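Examination of the molecular architecture
The primary structure of each chain is shown beneath.
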Amino acid sequence: MTQKNGTLLEVNELRTYFNTDDGLVKAVDGISFQLHRGETLGIVGESGSGKSVTNLSILRLIPDPPGKIVSGEVLFNGEDILLLPSDAVRKIRGRRIAMIFQDPMTSLNPFMRISRQLMEMTELHLGHKRAQAYEHAIRMLETVGIPDARMRVDDYPHEFSGGMRQRVMIAMALSCHPELLIADEPTTALDVTIQAQILELIKKLKQDTGTSVILITHDLGVVAGMTDHVIVMYAGKIFEQARTRELFATPGNPYTKGLLRSVPDPTAEQGKLYQIPGLPPDVAHLKPGCPFAPRCERVEEICRQEFPPFVQLNADHFSLCHFAGDVFAESGGSSQAS
Amino acid sequence: MNATNTETNGSSLISIRDLKVHFDMGGGGVFDKLLGAGSTRRVVKAVDGVSLEILKGETLGLVGESGCGKSTLGRAVLRLIEPTSGQIFYRDKDLSKLNSRDLREQRRNLQMIFQDPYASLNPRMTIGQIVGEPLDTFGLARGKDGERRVQELLETVGLSKRFIKRYPHEFSGGQRQRIGIARALAVDPDFIVADEPISALDVSIQAQIMNLLERLRREKNLTYLFISHDLRAVRHVSDRVAVMYLGKLVEVADAKTIYDEPLMPYTRALISAVPVPDPAVEASRQRIVLEGDVPSPINPPSGCRFHTRCPYAIDKCKEVVPELVEIKPNHFAACIRISPQQPDIETVAPNDAPGLRAL
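Residues numbered from 1 in each chain as written. Chains lettered and ligands numbered in written order. Predicted model: local features only at pLDDT ≥ 70, side-chain atom pairs only at ≥ 80, totals over all residues.

1. What about the overall build of chain A?
Of the regular secondary structure elements, chain A holds 13 helices and 12 strands. Expected size for 338 residues packed as a compact globule is a radius of gyration near 20 Å; at 21 Å, chain A falls within 12% of this value. Dimensions of chain A, computed from C-alpha atoms along their principal axes, come out at roughly 65 × 50 × 45 Å. For chain A, the proportion of its 338 residues judged to be buried stands at 48%. Within chain A, counting contacts between residues at least 6 apart in sequence, those at least 24 apart form 63% of the total. (Helix = DSSP H or I, 4+ residues; strand = E, 2+ residues; numbered from the N terminus. Rg over C-alpha atoms; globule rule 2.2 N^0.38 Å. Buried ≥ 20, exposed ≤ 12 C-beta atoms within 10 Å, placed from the backbone. Contact = placed C-beta atoms within 7 Å.)

2. Digging into the overall build of chain B
Of the regular secondary structure elements, chain B holds 13 helices and 12 strands. Radius of gyration (C-alpha) of chain B: 22 Å, near the 21 Å computed for a compact globule of 359 residues. By its C-alpha atoms, chain B is 70 × 60 × 45 Å across when sized along the principal axes. Scored against the burial criterion, the 359 residues of chain B give a buried share of 45%. Considering only residue pairs separated by 6 or more positions, chain B has 61% of its internal contacts joining residues 24 or more positions apart.

3. Considering helix α5 (residues 127-137) of chain B
Among all positions of α5(B), only Ile127(B), Ile130(B), Val131(B), Gly132(B), Pro134(B) and Leu135(B) are buried. On the buried face of α5(B), the contacting elements are α6 (143-156) and α7 (173-185) of chain B.

4. Considerations on the interface of chain B and chain A
On the side of chain A, 37 residues touch chain B, which itself brings 33 residues to the contact. Going through the elements one at a time, α8 (203-220), α9 (231-237), α10 (255-260), α11 (265-273) and α12 (279-284) of chain B are the ones with two or more residues in the side of chain B that touches chain A. When residues of the side of chain B that touches chain A are assigned to their parent elements, the largest contribution, 6 residues, is made by α8(B). Each residue belonging to the side of chain B that touches chain A can be placed in one class, and the counts come to 16 nonpolar, 8 polar and 9 charged. (Nonpolar A, V, L, I, M, F, W, Y, C, P; charged D, E, K, R; others polar.)

5. Some thoughts on the packing of α5(B) against α7(B)
All names here are of chain B. In contact at an axis separation of 7 Å, α5 and α7 are set at 30° when each is read in the N-to-C sense. The angle between the axes of α5 and α7 places the two elements in the roughly parallel class. Along its contact with α5, which presents Ile127, Ile130, Val131 and Pro134, the element α7 presents Ile179, Ala182 and Arg183. Along the lines of polarity and charge, the residues of the contact of α5 with α7 split into 6 nonpolar, no polar and 1 charged. (Axes fitted to C-alpha atoms, helices over the stretch in contact; angles between N-to-C directions. Parallel < 35°, antiparallel > 145°, perpendicular 65-115°, else oblique.)

6. Looking at helix α1 (residues 51-58) of chain A
Summarising burial for α1(A): 7 of the 8 residues are buried, a large majority. Every buried residue of α1(A) is accounted for by Lys51(A), Ser52(A), Val53(A), Thr54(A), Asn55(A), Ser57(A) and Ile58(A).

7. A few points about the sheet that holds strand β4 (residues 85-90) of chain B
Residues and elements named next belong to chain B. One open sheet holds the 4 strands; their spatial order is β2-β1-β4-β5, and the pairing between them is antiparallel. Looking at the sheet topology across the chains shown, the edges are occupied by β2 (43-55) and β5 (93-94). With 10 bridges joining them, strand β1 (residues 12-24) and β2 adopt antiparallel strand pairing. Across the sheet, the residue bridging to Ile14 is Ile54, located in β2. (Pairing = 2+ DSSP bridges.)

8. Re the pairing of strand β2 (residues 23-36) of chain A
Every other side chain in a regular strand lies on the same face of the sheet, so the side chains alternate between the two faces. Across 11 bridges, strand β1 (residues 7-20) of chain A lies against β2(A) in antiparallel orientation. Within the sheet, the bridge partner assigned to Asn19(A) lies in β2(A) and is Leu24(A).

9. Describing the pairing of strand β11 (residues 325-328) of chain B
Of the strand pairs in this sheet, β11(B) and strand β12 (residues 331-333) of chain B are connected by 3 bridges, and their pairing is antiparallel. Counted as the bridge partner of Val325(B) is Ala333(B) from β12(B).

10. What to know about the nonpolar core
Residues Val243(B), Leu249(B), Val250(B) and Ala333(B) are the most contacted members of the largest nonpolar core, which totals 194 residues. Element by element, the count of residues in this core is highest for helix α7 (residues 162-174) of chain A, at 8 residues. Residue contacts for Val243(B): discarding those within four places in its chain leaves Val63(B), Gly64(B), Leu249(B), Val250(B), Glu251(B), Met264(B), Tyr266(B), Thr267(B) and Leu270(B). (Core = buried A, V, L, I, M, F, W, Y, C linked by C-beta atoms within 7 Å.)

11. Some words on the packing of helix α4 (residues 114-125) of chain A against α7(A)
All names here are of chain A. It is at 8 Å that the axes of α4 and α7 come closest, and there the two elements cross at 25°. Regarding the angle of α4 to α7, the classification is roughly parallel. Viewed along their axes, α4 and α7 form a crossing whose handedness is right-handed. In this structure, α4 contributes Ile114, Gln117, Leu118 and Met121 to the contact, and α7 contributes Val168, Ala171 and Met172. (Left-handed = near helix turned anticlockwise from the far one by under 90°.)

12. As for the sheet that holds strand β5 (residues 79-80) of chain A
As summarised here, the arrangement of the 4 strands in space is β2-β1-β4-β5 (chain A), forming an open sheet in which the pairing is antiparallel. Only two strands of the sheet have a single partner each, and these edge strands are β2 and β5 of chain A.

13. Some words on the confidence of the model for chain A
Residues of chain A with pLDDT of at least 70 account for 96%, and the chain-wide mean is 88. For chain A, the element scoring lowest by mean pLDDT is helix α3 (residues 104-107) of chain A, at 76; strand β12 (residues 317-320) of chain A scores highest, at 96. (pLDDT = per-residue confidence, 0-100.)

14. Here's the deal with unusual backbone geometry
Residue and element names in this part refer to chain A. Cis geometry marks the peptide bond from Asp64 to Pro65; its omega dihedral reads -10°. Looking at the secondary structure, you find Pro65 in the loop between α1 and β4 (67-76). The amide bond that connects Pro65 to the next residue, Pro66, takes the cis arrangement and shows omega of 5°. Looking at the secondary structure, you find Pro66 in the loop between α1 and β4.

15. Structural notes on the environment of Leu260(A)
You can see Leu260(A) is positioned in helix α11 (residues 254-261). Contacts of Leu260(A), omitting those with residues within four sequence positions, involve Leu220(A), Phe248(A), Pro251(A) and Pro277(B).

16. Observations concerning the environment of Phe33(A)
Locating Phe33(A) in the fold gives a position in strand β2. Between the C-alpha atoms of Phe33(A) and Glu10(A), which are 23 residues apart in sequence, the distance is 6.0 Å.

17. Describing the environment of Arg243(A)
All names here are of chain A. Position of Arg243 relative to the elements: it lies in strand β10 (residues 237-243). On the basis of neighbour counts, which here come to 17 C-beta atoms within 10 Å, the residue Arg243 falls in the partly exposed class. It is 8.9 Å that separates the C-alpha atoms of Arg243 and Ile231, two residues lying 12 residues apart in sequence. Once you skip the residues sitting within four places of it in the chain, Arg243 turns out to touch Asp228, His229 and Asp316.

18. Description of the confidence of the model for chain B
Of the residues in chain B, 94% reach a pLDDT of 70 or more, and the chain-wide mean stands at 88. A low-confidence stretch, residues 1-10 of chain B stays under pLDDT 50, and its non-local contacts, those more than four residues away or across chains, total 15 contacts.

Here is the structure:
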């Protein structure tokens, strides 16, 4: 379907399970997707949907025990990361795949100067000497828009504000020019005005460097503005995946539809806000059938009994639902012959 | 004209007059002088002269970035934080003057819902005890009566009455927020401060809690001060919105107006920063990205506190502290570069400050 040479990352049938006192938690249960070079993929879902575990699995950062990548492939440039020896993975982490996390305060070492933390990256991965690494650190801070970078490079993390710390994290992540940047809720802890700054920065850096990005978020607004493709996750499964514009215009899954409708639209006057009833499922005790069935407004008997099929609606559009075709048609979607 | 003078009619439930909350951070002692840190005490002016009317039966949304003082203001209104100066009138009683016994009496009518549903419920108390405690405190219901009342309250907020013997850790974030709401409702209040009640919740649960708060307002005739940094949520639940920046109100208007025709450069920037869940809109819209962070409230900028980040700032803005002025009917803004005659900052001549002439 897609050109192999354009694919940077291919995840096939990935399953990551956790053994807990509560039973086996299938946090990620058989998901597959591809990421092309230079593209941004958004992964949306509520807490517990498996979006963060997916990305920790890509980097093999799942704590084992209790977690375990049970099966699947993570092909990065055609090479399966899951089969590599751990020191080879360490060379990929930070160098070719970098990650930024939600809370910049807990991801920076409070006892180390910013300069030291940035230099560590390039000394380790690029073999920089001290002076070279120091200059590189300053240049990276300038790239991410820290004013007076030369004066501030020797500060400690607590001397920076939340937005500035997130910029430092981005500087650190990009300092070895990675091919893939994974950003896990990079702006959730920030104010909207700072969020806008950081998102613009990620967009600009992506244009300049051609880095591919996986953006994990619960905010559909952020996804709309930042991504080319979107994956919607629920209970460890991909519920829907499509090009961003198509997903927002003609969703083919009742869960996606519900999510889109439950965000208040500031530009429109509306009465009662649509709400998805009930709570996200306890992944340790899933019943047979569709995991969303108890909350779904168009649920039928078959949904409670049989696990739904992953239906292809369009060239790049899939939905996990017994009635995917109907839902898609109701949203006004039509499959184009490709 | 001042915001306080316009609506002193009978419909106002809470009336805040020139409220200030300053936190003394110390400093200025002998040691500081020796170390060259200067001889002035460091004072955080978290709320610095706020006047606001909250009308009976309305939801007033209070928005601003973190550190702007919105939570401090919400708490000071209930005197959970002692105000430094100013007055808070509730049904003609000045809450800021009450002694602790009279204040506690009034708390029956004034309740609060907190942001973090994980931290605001005592983990060692059952749901029945948590929701029933206010009934006990105010001697409203005891024994079997109390239990029945707690069951009613749980059902009102959409929880099963079987939960009465369970502990907070057995519940999800959204359910805990419902428990917090039930506790606030126990004493039958008429005013509730909701401090970021949905920020910690998942998207699908946020909608549930917003709808619940709205239903309760209608059924129980409540008045809310809804504090949030989420402008989409505030726009949805509020009748009027107040925008706060570094301890001061900068714009007050009804929710639709403030969204469709914001006057203040700061409000415009805030609104344009909110991502819209529509790729077509996102691709085409012009976003005003503010430079830098919110300045420290210890040493706020002189004059208009927003001048360091404002794309329209002129030299005068560094000198004059702008007053909240009624620019259009019921639409207040604090900016010297606009006036009732020239409300659109885009059309004001460069370096002109029509707001100064009106004073």
